[in-house]
Amino acid sequence: AQKITQTQPGMFVQEKEAVTLDCTYDTSDPSYGLFWYKQPSSGEMIFLIYQGSYDQQNATEGRYSLNFQKARKSANLVISASQLGDSAMYFCAMREPYTGTASKLTFGTGTRLQVTL
Amino acid sequence: DTGVSQDPRHKITKRGQNVTFRCDPISEHNRLYWYRQTLGQGPEFLTYFQNEAQLEKSRLLSDRFSAERPKGSFSTLEIQRTEQGDSAMYLCASSLYSLGSGGPEGLAQYFGPGTRLLVL
């Protein structure tokens with residue numbers, strides 16, 4: 001069963017507008033972490049934002065915020081005031097459990113965001 | 001503060017040849033990971049080290065693949081007898097783990113630029 005689902009293969013947004021990239025996840029572990037990464041055409045994965053399953057508040061990092069709805073098992077990324085440089089692939093990833101020796105990230109298939117003028 | 005570096009950035013080889021990739025993590029990071037990414041997919045976990053110990057290997061890591069981190073610093077990933085299906089981007093990442101570490105600083109993995117492998 002797919003653990004991370006990103007249903008939007010591609011998204012367009014106009015410069016200066018906000019955009020939401022969807023991510024749903026599946027786990028039976030109560031302790032997990034959710035990450036968003038950006039991958040420009042150069043290939044490097046850039047860490048954007050993190051949300052722990054026990055965090056009471058939604059994570060924010062500059063123009064990035066995470067809309068975490070635990071009961072729905074969704075962790076959508078919101079990018080405010082889009083810029084041309086935001087055009088890239090965006091990946092949602094999960095680490096379970098939250099701490100301990102298990103360490104690998106499981107990634108979704110990504111969403112390609114294109115910011116237009 | 002230098003990031004994760006990988007060498008080479010690109011590699012073209014013929015089927016059946018052996019290839020070796022190198023990863024240099026962020027200097028204070030004790031965990032190092034290898035992932036493989038094929039076109040249109042997210043990265044898939046291959047293996048990871050804590051210091052010099054290899055703690056987990058994916059079933060994706062066939063016996064043609066071997067990874068080492070002999071001194072707990074840089075790591076190498078070797079693929080023997082390459083096949084066309086090995087063509088992919090090989091990504092290395094590192095993180096700093098300590099008991100009780102939580103939050104993004106302790107859990108986020110920081111990736112290198114990747115090595116793109118093409119097997120002809």
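Residues numbered from 1 in each chain as written. Chains lettered and ligands numbered in written order. Predicted model: local features only at pLDDT ≥ 70, side-chain atom pairs only at ≥ 80, totals over all residues. Heavy atoms only, no water.

Quick notes on the layout of surface pockets
- In this structure, the largest pocket spans a volume of roughly 500 Å³.
- Of all the elements in the fold, those that place two or more residues in the lining of the largest pocket are β11 (106-107) of chain A together with β5 (44-50) and β6 (53-57) of chain B.
- Across the lining of the largest pocket, the residue classes break down as 6 nonpolar, 7 polar and 6 charged.
- Estimates place the volume of the second largest pocket at around 340 Å³.
- Considering the residues around the second largest pocket, the lining is formed by 15 residues, among which Q39 of chain A together with Q37, L39, G40 and R116 of chain B are closest to the centre.
- Looking at the lining of the second largest pocket, the elements that each hand over two or more residues are β10 (88-95) of chain A together with β9 (88-95) of chain B. (1 Å grid on protein atoms, 1.4 Å probe; cavity = no way out; pocket = protein on both sides within 12 Å on 5 of 7 lines; lining within 4 Å. Points joined across faces, edges and corners; volume = space filled by probe spheres on them. Helix = DSSP H or I, 4+ residues; strand = E, 2+ residues; numbered from the N terminus. Nonpolar A, V, L, I, M, F, W, Y, C, P; charged D, E, K, R; others polar.)

Some thoughts on the state of the cysteines
- Counting across every chain of the model gives 2 disulfides over all chains.
- One disulfide in the model links C23 of chain A with C92 of chain A; its S-S distance is 2.0 Å. Because the sign of the S-S torsion sets the handedness, a value of about -65 degrees for the bond joining C23 of chain A and C92 of chain A places this disulfide among the left-handed ones. You can see C23 of chain A sitting in the loop between β3 (19-21) and β4 (24-25) and its partner C92 of chain A sitting in strand β10, a full 69 residues away along the chain. As far as burial versus exposure is concerned, C23 of chain A and C92 of chain A are alike and both buried.
- In this model, C23 of chain B is linked to C92 of chain B through a disulfide, with the two sulfur atoms separated by 1.8 Å. Disulfide C23 of chain B to C92 of chain B: torsion about the S-S bond roughly -70 degrees, handedness left-handed. You can see C23 of chain B sitting in strand β3 (residues 19-24) and its partner C92 of chain B sitting in strand β9, a full 69 residues away along the chain. (Disulfide = S-S within 2.5 Å. Buried < 20%, exposed > 50% of the residue type's maximum accessible area, 1.4 Å probe, protein only.)

Focus on the sheet that holds strand β1 (residues 5-7) of chain B
Residues and elements named next belong to chain B.
- Strand order in the open sheet formed by 4 strands is β1-β3-β8-β7, with antiparallel pairing between adjacent strands. Edge positions in the open sheet fall to β1 and β7 (65-68), since each of these has one partner strand only. Direction aside, neighbouring strands of the sheet carry axes that sit 15 degrees apart on average.
- Two strands pair when backbone bridges link them, and β1 and β3 are joined in this way by 3 bridges, in the antiparallel orientation. Residue Q6 lies in a different strand from β3, and its bridge partner there is C23. (Pairing = 2+ DSSP bridges. Axes fitted to C-alpha atoms, helices over the stretch in contact; angles between N-to-C directions.)

Section: the side chain of S82 of chain A
Residue and element names in this part refer to chain A.
- With respect to the element layout, S82 can be found in the loop between β9 (74-79) and β10.
- For S82, a relative accessible area of 2% corresponds to the buried category.
- If we ignore the near neighbours within four places in the chain, the residues touching S82 are V13, Q14, E15, K16, E17, V19, R63 and V115. (Contact = heavy atoms within 4.5 Å.)

Details of the pairing of strand β6 (residues 46-52) of chain A
Residue and element names in this part refer to chain A.
- Burial runs high along β6: 6 of the 7 residues are buried.
- Direction of pairing for strand β5 (residues 33-39) relative to β6: antiparallel, over a ladder of 6 bridges. Each residue of the ladder has a partner; that of L34, found in β6, is Q51.
- The loop that links β5 with its antiparallel partner β6 comprises 6 residues; one of these, G43, has a positive phi angle of about 105 degrees.

Some thoughts on unusual backbone geometry
- With an omega dihedral of -5 degrees, the bond running from D7 of chain B to P8 of chain B counts as a cis peptide bond.
- Locating P8 of chain B in the fold gives a position in the loop between β1 and β2 (10-13).
- In this structure, K16 of chain A is a non-glycine residue whose phi angle is positive, near 80 degrees.
- Its relative accessible area of 68% is what places K16 of chain A among the exposed residues.
- The residue R81 of chain B is not glycine, and still its phi comes out positive at about 50 degrees.

Brief notes about the side chain of D86 of chain A
- Tracing the backbone shows D86 of chain A in the loop between β9 and β10.
- Among all residues touching D86 of chain A, those that are not within four sequence positions of it are K38, R63, Y64, I79, A81, L113 and V115 of chain A.

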